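# Examining the three-dimensional arrangement
One-letter residues, chain by chain:
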Amino acid sequence: MLGEAAVGFCFLPQEANDKRSLCSEYTSGAWGDLRHPLLHPHAEDENTQHGEAAMPYTILRTKKLKSVAGIIGSGRHTFREMPTPNSNGAANVHVGGASTAVGLASSVLAKLPERRRKGAVLCIEYLITASPEAFTRHGGTMPDTGGYFDRAIAWLKARHGATNIVSATVHLDERTPHLVAYVVPLTKDERLSARDFLGGAAKLRKMQTDFHHWCGKPFGLSRGIEGSKATHQKVGQYYQALAAAEPVIERSDLAAAVVGIQTPNYKALLLRAKTSAI
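## Some words on the overall build of the protein chain
- In terms of regular secondary structure, the protein chain is built from 10 helices and five strands.
- The burial tally for the protein chain puts 52% of its 278 residues in the buried class.
- Carbon and sulfur atoms form 53% of the exposed surface of the protein chain, whose accessible area is close to 12800 Å².

Now the structure itself:
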């Protein structure tokens, strides 16, 4: 299991664990923001070219979180601390790291360098899944847990470093199983730079290519389709509302919340998240 600040395991086969090969290419799937179109670059599937039915495909999305309020709002949805209409109530699997919205924000803040650019991305939220028909619950061959998601965690570790993955959870209470992971985008030289990982279309395409190679291909999955649109409409609306106004949240507010004390700033944040819920 994870500590509060890192996902601590790797399940790639030996050849994939070769850091020289695994880290040679990283591309980006963009959940770039649930409010924006997704970028799912792909190489055309040979079966499709020959007129056969296309295989299920990988889905990799990222969202940039630039404020503590945004992190807490996202965490409240991930950890089911707010009403989630599309949830069927099934238990989710906490892989490791932070398990509450306040804990998530605290873990991110603890890793941030003192000197950073104003308006910098504090955390990258990854959503990883596959088309529904790939999973056993929809007639496919991939189990709801383990396997594909284990490889995805290992891929994130190689991409960002284990200690920079501050939380990971597999959601099983929605139609399609999916992994949600939070990563602080620190570079090897300790700079806070989401641009190094998600900056520009070329890096996004490269990330998709690499993810498919290491995580999707072993399970017979095709790459995602470039230009596909997000289907998480209600969650997208929640994030839009979340971006409307930013209460000022200090570390002292989070520290108080951990021990059950809700400061005026924290209450304002909870109220905004609650009224934004769909």
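Next comes the rest of the write-up.
## Thoughts on the sheet that holds strand β5 (residues 178–183)
- Taken in spatial order, the five strands make up an open sheet running β1-β3-β5-β4-β2, and their pairing is antiparallel. What marks the edges here is a single partner per strand, and that holds for β1 (58–65) and β2 (93–97). Recorded for the sheet is a direction-independent mean angle of 10° between the axes of neighbouring strands.
- The pairing of strand β4 (residues 165–171) with β5 spans six bridges and is classified as antiparallel. Note on β5: the bridge partner recorded for Ser 167 is Tyr 182.
- Packing against the sheet, helix α4 (residues 101–111) makes contact with β3 (123–130), β4 and β5, and its axis sits at approximately 150° to β4.
- Contacts from helix α7 (residues 201–216) reach β1 and β3 within the one sheet, and its direction differs from that of β1 by about 130°.

## Here's the deal with the environment of Met 142
- Along the chain, Met 142 falls in the loop between β3 and α5 (148–160).
- C-alpha separation for the pair Met 142 and Ala 130, spaced 12 residues apart in sequence, amounts to 9.6 Å.
- If we skip the residues at most four places from it in the chain, Met 142 touches Ala 130, Ala 134, Phe 135, Thr 136, Tyr 148, Phe 219 and Leu 221.

## Some points on the confidence of the model for the protein chain
- On average, residues of the protein chain score 76 in pLDDT, and 68% of them are at 70 or above.
- Contacts for the low-pLDDT stretch residues 230–235, under 50 throughout, to residues beyond four places or in other chains number nine contacts.
- A low-confidence stretch, residues 241–245 (pLDDT under 50), is modelled with 12 contacts involving residues beyond four sequence positions or located in other chains.

## A look at the pattern of salt bridges
- Here the structure, examined in full by the defined rule, presents five salt bridges.
- Here Asp 173 makes a salt bridge to Arg 80, at a shortest N to O gap of 2.9 Å. Here Asp 173, found in the loop between β4 and β5, pairs with Arg 80, found in the loop between α3 (68–78) and β2; they are 93 residues apart in sequence, far enough to count as distant.
- Of the charged contacts, one joins Arg 191 and Asp 189 as a salt bridge, the two residues approaching to 3.0 Å between their closest N and O atoms.
- A single network of salt bridges, built from pairs that share partners, joins Arg 80, Asp 173 and Glu 174.

## Structural notes on the nonpolar core
- Ranked by internal contacts, the top residues of the largest apolar core, which has 32 residues, are Tyr 126, Ile 128, Tyr 148, Trp 155, Leu 179 and Phe 211.
- Only β3, α5, β4, β5, α6 (195–198) and α7 provide two or more residues apiece to this core.
- A per-element tally of this core places α5 first, with six residues.
- Tyr 148 has contacts with Thr 58, Ile 59, Ile 128, Thr 129, Ala 130, Met 142, Phe 211, Cys 215, Gly 216, Phe 219 and Leu 221, leaving out every residue within four places of it along the chain.

Basis of the calculations
- Residues numbered from 1 in each chain as written.
- Predicted model: local features only at pLDDT ≥ 70, side-chain atom pairs only at ≥ 80, totals over all residues.
- Heavy atoms only, no water.
- Helix = DSSP H or I, 4+ residues; strand = E, 2+ residues; numbered from the N terminus.
- Buried < 20%, exposed > 50% of the residue type's maximum accessible area, 1.4 Å probe, protein only.
- Areas by Shrake-Rupley, 256 points an atom, 1.4 Å probe, with all protein chains shown as cover.
- Pairing = 2+ DSSP bridges.
- Axes fitted to C-alpha atoms, helices over the stretch in contact; angles between N-to-C directions.
- Contact = heavy atoms within 4.5 Å.
- pLDDT = per-residue confidence, 0-100.
- Salt bridge = Lys/Arg side-chain N within 4 Å of Asp/Glu carboxyl O.
- Core = buried A, V, L, I, M, F, W, Y, C linked by side-chain atoms within 4.5 Å.

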